[in-house]
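# Understanding the architecture of this molecule
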Amino acid sequence: MMKRVSDWMVLLTSVGFLALVGGLEAQQFVREQISFGEEDIAGVVASTKGPEAGVWVIAETLDLPTKFAKIVVTDDSGRYLVPQLPRATYKVWVRGYGLVDSAPVTTTPGKALNLTATLASSPRAAAAYYPAIYWFSLLHVPEKNEFPGTGPKGNGIPENIKSQGQWLHFLKTDSCWSCHQLGDKATREIPKNLGHFDSSTSAWSRRILSGQAGNNMANGLAQLGPERALPMFADWTDRIAAGELPPEPPPRPQGVERNVVITEWDWADPKAYLHDEIATDKRNPTLHANGMIYGATELSTDYLPGLDPVKAETSQVKLSVRDPKTPSAADDKPVAASPYWGDEAIWVSHANVHNPMFDEKGRVWITSRIRPDDNPAFCKEGSSHPSAVLFPVKTSGRQLAVYDPKTKQVTLIDTCFGTHHLVFAEDANDTLWTSSGGGGGVVGWLNTKMFDATHDEQKSQGWTALILDTNGNGKRDEYVEPDQPVDPTKDKRINAAFYGVTVSPADGSIWGTVLGFPGAVVRLNPGSSPPATALAEIYDLPWDAASASVHGFSPRGLDVDRNGVVWTVIASGHLASFDRRKCKGPLSGPSATGHHCPEGWTLYQLPGPQLKGVSDSGSAEASYYDWVDQFDTLGLGKNVPIATGNGNDALLALLPDSGKFVVLRVPYPIGFYAKGMDGRIDDPRAGWKGKGLWATYGTRTPFHAEGGKGTTSKVLHFQLRPNPLAR
């Protein structure tokens, strides 16, 4: 304790001294305190209260080919070091909870720079920097006693909504939050240029119709019940406008969170939004070291954005379609004018690329629409294709493509099954497994080794229905349909589709999430001839399981660790694991239809406050996806699961041994919202400097982020150094 007080007094004296001396004397003093080099900027951050610990120092430049920023956190004594900066002139400032932004100071690397933090003049001024979840948590949702709903002439909640949890999954990951934040400045306030309205309820009724997503938002509102939901949203924004604030501030970064270094590059354009990015082969993160990062712009554009992080240069890979009649996002005209873009249809994509994935050859595989929905004849009934004989498929909304950076060629691949996410198996065929995102009733794959050898897209692909082994004989037999009761002498098909998809390195099984309430994960064992031998197992979330200690619902993204444990994010505000090895009962047979292994689930409450009106475990967080750091590309250890903290402006890394989260907060620009991530090792000999996580701003509304209209999506690199001053 005496040493801590002594250190504090020394630093207070140091800050005062540095305010009096200048030039070379100040720089020499900081060099004695902090070892920094010609590529670094270092110094001490202090306010009128003394050194400021756990606040961010942001260095940004426009001198490089694309906008570039690097962000670090101050240590316990207010010291900071921004490492490895490209030669440029930077604006540097301080941001932190309890503060407002300091005035930017211009400097160049290699110099000492002490910064004066500015204390917030009021709680409201401080709260302007809080992540969206703190404002979203002020939303007062329907209480448990309002369910089941009694319809538009009753309490306004649809009669098919039987519980608060079922209602919340529509509010969160399966509707509103699947596209953008709620609680950021753009959504917690009514835009003035939206128009004049007699009430806030009327204003909300109008605002959800804005832009090309107006129909989607209206459909989402219908699921909640507009008669109940619109007054709820209006009450929320009215209370905030009247001065209500989040009751507690977010915590400043603590412990290892202060070791995080975040690097940002602009890419794409202000009208484009990103779904996610890819940096390396998921199976081997040392591949493609220091190489290009590629992204997927979904409905917004017909190019893959690229970033060369070494040169800070961006590029575009142009995309095409096979059939000129392929639908375009531009066909969906705005229902009503957007406060940002008016009546302009800013999304123009035909390809609708959703998810990219590197292979071991450095090629980028993507889910890409190449034609209208109606499938070719080889997919349908009457075809001799082995998969079509067993389960013909009439339509698919998105297919596949692959880009080879060496040849600069994009190859389009028609598939009978719809594609959404994709992942490579660790097998001899480099099998590419896909999810449909919902609907279709099948899981599809491409044998990429065969495709490379033959370029025969028909023979190289396959798909299977999801069949449960309900007769328990260990093989696939005649089955009953989803709308028929279980027959203990037969198997049973389930009408389910994968949203997230992953392949277990432990046994080669394929896992996927099934959206909805309470939702489920499905395990698929392909067998020797997957169209005919694949068997599925389904495991429901423990929403109504009497034996579950914590009740959760509605999964979205998922991944798996090297031990075969599946991790998924769920709408109740948890990161959940499912360990099949913990199941006590039989995994096949007439009772193995979803509710038979609640003991396999473990739920971890995500950081952040809970919504008003919700008393169950969880938080207001609505994570979109998660990823498991199987190879320790960040530095927290192998098999660490990391959730997208879409309300927390963060990535949320769980330390399974302690059950605690490390919050990798992105303070600038406010509004970080990721839909995926991956880790890459650029130099295994360089320690923390040679590896890190990659992500992108994945919101459909980049103009909602700090900066407003004109703000572009950014690529982010998260690195974890051994201490806040490491170079």
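Residues numbered from 1 in each chain as written. Predicted model: local features only at pLDDT ≥ 70, side-chain atom pairs only at ≥ 80, totals over all residues. Heavy atoms only, no water.

## Focus on the overall build of the chain
When helices and strands are tallied, the chain shows twelve helices and 41 strands. In terms of overall dimensions, the chain is globule-like: its C-alpha atoms have a radius of gyration of 26 Å, near the 27 Å expected for 727 residues. Seen through its principal axes, the chain has C-alpha atoms that stretch 85 × 60 × 55 Å. Buried residues in the chain amount to 61% of all 727 residues. For the chain, the share of sequence-separated contacts (at least 6 apart) that also reach a separation of at least 24 residues comes to 62%. Of the roughly 27,300 Å² that the chain leaves accessible, carbon and sulfur atoms contribute 52%. In the chain, 70 positive and 79 negative side-chain charges are present, and the distance between their average locations comes to 3 Å. (Helix = DSSP H or I, 4+ residues; strand = E, 2+ residues; numbered from the N terminus. Rg over C-alpha atoms; globule rule 2.2 N^0.38 Å. Buried < 20%, exposed > 50% of the residue type's maximum accessible area, 1.4 Å probe, protein only. Contact = heavy atoms within 4.5 Å. Areas by Shrake-Rupley, 256 points an atom, 1.4 Å probe, with all protein chains shown as cover. Lys, Arg positive; Asp, Glu negative; His and termini not counted. Charge placed at Lys NZ, Arg CZ, Asp CG, Glu CD.)

## Focus: the sheet that holds strand β20 (residues 422-424)
Spatially, four strands are ordered β20-β21-β22-β23 in an open sheet, and the strand pairing comes out antiparallel. Strand pairing shows two members of the sheet lacking a second neighbour, β20 and β23 (461-465), which therefore form its edges. Within the sheet, the average angular offset between the axes of one strand and its neighbour, ignoring direction, is 25 degrees. Relative to strand β22 (residues 442-447), strand β21 (residues 431-434) runs antiparallel, the two being bridged by four bridges. Counted as the bridge partner of T431 is N447 from β22. (Pairing = 2+ DSSP bridges. Axes fitted to C-alpha atoms, helices over the stretch in contact; angles between N-to-C directions.)

## Quick word on the packing of helix α7 (residues 200-207) against helix α9 (residues 226-241)
Following both chains from N to C, one finds α7 and α9 inclined at 110 degrees, their axes separated by 8 Å at the closest point. In terms of axis orientation, α7 runs roughly perpendicular to α9. Between α7 and α9 the crossing geometry is right-handed. Of α9, the residues touching α7 (which contributes S200, T201, W204 and S205) are L230, P231, F233, A234, W236, T237 and D238. Residue composition of the contact of α7 with α9, grouped by class: six nonpolar, four polar and one charged. (Parallel < 35°, antiparallel > 145°, perpendicular 65-115°, else oblique. Left-handed = near helix turned anticlockwise from the far one by under 90°. Nonpolar A, V, L, I, M, F, W, Y, C, P; charged D, E, K, R; others polar.)

## Here we look at the sheet that holds strand β17 (residues 364-368)
Through backbone hydrogen bonds, the strands of a sheet pair up, either in parallel or in antiparallel fashion. In spatial order, the strands read β16-β17-β18-β19; together these four strands make up an open sheet with antiparallel pairing. If you trace the sheet from one side to the other, it starts and ends with β16 (356-358) and β19 (409-413), each paired once. If you compare each strand with its neighbour and ignore which way they point, the axes differ by 25 degrees on average. When strand β18 (residues 399-404) meets β19, the two strands line up antiparallel, connected through five bridges.

## Looking at the environment of T699
Tracing the sequence through the fold places T699 in the loop between β40 (691-696) and β41 (714-720). On the accessibility criterion, T699 (6% relative accessible area) is buried. On a C-alpha basis, the gap between T699 and A242 in space is 28 Å, while along the polypeptide they are 457 residues apart. Setting aside residues up to four positions removed in sequence, T699 forms contacts with C179, H180, Y273, L274 and Y673.

## Considering the side chain of T74
Structurally, T74 can be placed in the loop between β4 (68-73) and β5 (79-82). For T74, a relative accessible area of 0% corresponds to the buried category. In this structure the side chain of T74 is engaged in a polar contact, spanning 2.9 Å, whose partner is the backbone nitrogen of G54. In contact with T74, other than residues within four places in its own chain, are V45, E52, A53, G54, V55, V57, R79, Y80 and R258. (Polar contact = N/O pair within 3.5 Å; in protein donor to acceptor, adjacent residues only side chain to side chain.)

## So, the state of the cysteines
On inspection of all chains with the given rule, the structure shows two disulfides. Residue pairing for C379: its cysteine sulfur links by disulfide to C416, the two sulfurs lying 2.0 Å apart. A torsion of -75 degrees about the S-S bond marks the disulfide between C379 and C416 as left-handed. Here the residue C379 occupies a position in the loop between β17 and α10 (386-390), and C416 occupies one in the loop between β19 and β20, the gap between them amounting to 37 residues. According to the relative accessible area criterion, C416 is buried, its value standing at 0%. Covalently, C583 is tied to C597 through a disulfide, its sulfur atoms 2.1 Å apart. Sign of the S-S torsion, about -100 degrees for the bond between C583 and C597, identifies this disulfide as left-handed. Within this pair, whereas C583 is found in the loop between β33 (574-578) and β34 (601-605), its partner C597 is found in the loop between β33 and β34, the two being separated by 14 residues in sequence. Its relative accessible area of 2% is what places C597 among the buried residues. With no disulfide partner, C176 has as its closest neighbouring cysteine sulfur the one in C179, 8.9 Å distant. Judged by relative accessible area, C179 falls into the partly exposed class, the value being 22%. (Disulfide = S-S within 2.5 Å.)

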